[in-house]
Amino acid sequence: MSAAKDGARKRIAGARVLSGIQPSGVQHLGNYFGALRQFIALQEGNRASFFMADLHSLTSIRDPKERRALTRGVALDFLALGVDPARSILYRQSDLPEVTELAWILTTVTPMGLLARCVSYKEKLEAGLAPDHGLFAYPVLQAADILIWRADWVPVGQDQKQHLEVTRDIAVKFNLTYREVLTLPEPYILEDVAVVPGSDGRKMSKSYGNTIEMFAPEKALRKQVMGVVTDSKGVHEPKDPDTSTIFALYSLFANPEERAALAEAFRSGGTGYGDAKQALYEKILAYFGAARERRRTLEADTDTVEDVLRDGAARARVAVAELMNDVREAAGVGRPS
């Protein structure tokens, strides 16, 4: 570990950290290697909270049954991949009503221009989403998610820094309008974040329909892996591992010796893409084997999952009560203390 990485870990140790996932689709390898594994690792030595951002999904999903299914799916993913309810708080966003109360209070001090400049809003408009108020005010609810915890650090990718900058700007505006109540969180830029290629070679994304899902049934998972696009080179022709999507995906799971062996086999010829895809499929099954089994067990146990979320919501409401009392008192709303 480099000195810089070691310093970052020491700096975040013991802090309150927060991570949320919008249930807008099934989680995939890009989600896992891009963020999930780092989020879960931050449970060690920190006060971690994880939530399913079902309120955020209202901007893109209109089917209530689909939303409930996807929200539960994210909870199952968190638990299967290692979120420990004994050490961390896991909750549904909508089970914490204080977050929407805080979002409204923050909305009243948030400049319109700040929201209009948000890159994510512009990108969603370009993608064809209707410009409703929820889409426009999305960053305010996101700010409430973070600020309500008095989070010290928020793990984000480099491309998500603007989200946290907006949160800090909103917190400053509230503190200047009333008094200093809200903590300004710092970004914790995730290190060693893998950019995972999708089955078509572009960045893996639900919006591109090019995902490989770590918890898909074996038959469906194999179909996704076998569907990875390759060039037309035959079995005996040399292949370039540096431009191969299959090799890039295999490298996420293989040790250095295995990566070197496949690279050499590609360059020498004699190894077909079908064999490499089969090797990748087996690696995914082996890597996520224990998590896949845990998820299957939890999926059949509705009561346990709901108990975890109910307990998480209760603990979350206790944890944020002091902050909300301070916000209400500062803004002059609610019962006077």
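Quick notes on the rules
Residues numbered from 1 in each chain as written. Predicted model: local features only at pLDDT ≥ 70, side-chain atom pairs only at ≥ 80, totals over all residues. Heavy atoms only, no water. Helix = DSSP H or I, 4+ residues; strand = E, 2+ residues; numbered from the N terminus. Buried < 20%, exposed > 50% of the residue type's maximum accessible area, 1.4 Å probe, protein only. Contact = heavy atoms within 4.5 Å. Areas by Shrake-Rupley, 256 points an atom, 1.4 Å probe, with all protein chains shown as cover. Expected span 1.5 Å × (residues − 1). Arc of directions from axis to C-beta. Phe/Tyr/Trp six-rings, centres within 6.5 Å; stacked < 30°, edge-to-face > 60°. Lys NZ or Arg CZ within 6 Å of the ring centre and 35° of its normal. Core = buried A, V, L, I, M, F, W, Y, C linked by side-chain atoms within 4.5 Å. Axes fitted to C-alpha atoms, helices over the stretch in contact; angles between N-to-C directions. Parallel < 35°, antiparallel > 145°, perpendicular 65-115°, else oblique. Nonpolar A, V, L, I, M, F, W, Y, C, P; charged D, E, K, R; others polar. Salt bridge = Lys/Arg side-chain N within 4 Å of Asp/Glu carboxyl O. Pairing = 2+ DSSP bridges. Right-handed = clockwise from strand over helix to strand, strands pointing away. pLDDT = per-residue confidence, 0-100.

(A) Broad picture of the overall build of the chain. In terms of regular secondary structure, the chain is built from 14 helices and five strands. A buried classification covers 48% of the 337 residues belonging to the chain. Sequence separation of 24 or more characterises 79% of the internal contacts of the chain that already satisfy a separation of 6 or more. Per element, the accessible surface of the chain, about 16600 Å² overall, is 52% carbon and sulfur.

(B) Structural context of helix H12 (residues 273-287). Its 15 residues place the ends of H12 21 Å apart at the C-alpha level, agreeing with the 21 Å of an ideal helix rising 1.5 Å per residue. Taken as a whole, H12 has its buried residues at Tyr 273, Ala 276, Lys 277, Leu 280, Tyr 281, Lys 283 and Ile 284. Down the axis of H12, the smallest arc covering the buried residues is 160 degrees, so these residues share one side. Counted as exposed and oriented over 90 degrees from the buried face of H12: Asp 275 and Ala 286. Tucked inside the fold, the buried residues of H12 contact helix H2 (29-41), helix H9 (218-226), helix H10 (245-251) and helix H11 (256-268).

(C) Here's a closer look at the packing of aromatic side chains. One pass over the full model with this rule turns up 15 aromatic pairs. When the ring of Phe 247 is compared with that of Phe 266, the centres are 6.5 Å apart and the planes differ by 50 degrees; the resulting orientation is tilted. Taken as a pair, Phe 247 in helix H10 and Phe 266 in helix H11 lie far apart in primary sequence, 19 residues in all. In terms of burial, Phe 247 and Phe 266 fall into one category: buried. Ring centres of Phe 253 and Phe 288 lie 6.1 Å apart, and the angle between their planes is 75 degrees; this geometry places the pair in the edge-to-face category. Of this pair, Phe 253 sits in the loop between H10 and H11 while Phe 288 sits in the loop between H12 and helix H13 (289-299); the two residues are 35 residues apart in sequence, bridging distant segments of the chain. Per residue, the accessibility class of Phe 253 equals that of Phe 288, and both read buried. Grouped by ring-pair contacts, the aromatic residues Tyr 32, Phe 33, Phe 215, Phe 253, Tyr 287 and Phe 288 constitute a single cluster. Positioned over the ring face of Tyr 208 is Arg 202, at 4.0 Å from the centre of the ring. When the ring centre of Tyr 273 is taken as reference, the NZ or CZ atom of Lys 239 above it lies at 5.5 Å.

(D) Representation of the nonpolar core in the model. If you look at the biggest cluster of nonpolar residues, it comprises 54 residues, and the most contacted ones within it are Leu 29, Phe 78, Leu 81, Leu 90, Ile 212 and Ile 284. Non-local contacts of Leu 29, meaning those with residues more than four positions away in its chain, are made with Gly 34, Val 196, Met 204, Ile 212, Met 214, Phe 253, Ile 284 and Phe 288. Core analysis: the next-biggest nonpolar cluster, separate from the first, contains 43 residues, Val 99, Leu 106, Leu 115 and Tyr 121 among them.

(E) Up close: the packing of helix H3 (residues 64-81) against helix H14 (residues 302-331). With their axes 11 Å apart at the nearest point, H3 and H14 run at an angle of 85 degrees to one another. Accordingly, the angle class assigned to the pair H3 and H14 is roughly perpendicular. Judged by residue contacts, Arg 72, Ala 75, Leu 76 and Leu 79 of H3 engage Thr 302, Val 305, Val 308 and Leu 309 from H14. A per-class count over the contact of H3 with H14 returns six nonpolar, one polar and one charged.

(F) How the structure looks around the pattern of salt bridges. Following the criterion strictly, the structure yields 18 salt bridges and no others. Residue Asp 84 is joined to Arg 87 by a salt bridge in which the shortest nitrogen-to-oxygen separation is 3.5 Å. Here Glu 306 ties to Arg 92 by a salt bridge, and the two come within 3.1 Å at their closest N and O atoms. Remark: Arg 92 occurs in strand E3 (residues 89-92) and Glu 306 occurs in helix H14; sequence separation between them is 214 residues. The network of salt bridges with shared partners includes Glu 44, Asp 84 and Arg 87.

(G) Looking closely at the pairing of strand E2 (residues 47-52). Within E2, five of the six residues are buried, leaving the element largely enclosed by the surrounding structure. With six bridges joining them, strand E1 (residues 16-21) and E2 adopt parallel strand pairing. What sits directly across from Leu 18, in E2, is Ser 49. Handedness of the β-α-β unit built from E1, H2 and E2 comes out right-handed.

(H) Highlighting unusual backbone geometry. Even without glycine at this site, Arg 150 takes up a positive phi of about 50 degrees. Summarising the element assignment, Arg 150 is placed in the loop between helix H7 (133-147) and strand E4 (153-156). Judged by relative accessible area, which is 25%, Arg 150 ranks as partly exposed.

(I) Representation of the confidence of the model for the chain. Confidence along the chain averages 91 in pLDDT terms, with 94% of residues attaining 70 or more. Predicted confidence is poor over residues 1-10, with pLDDT under 50, and the contacts of this stretch with residues over four places away or in other chains come to eight contacts.

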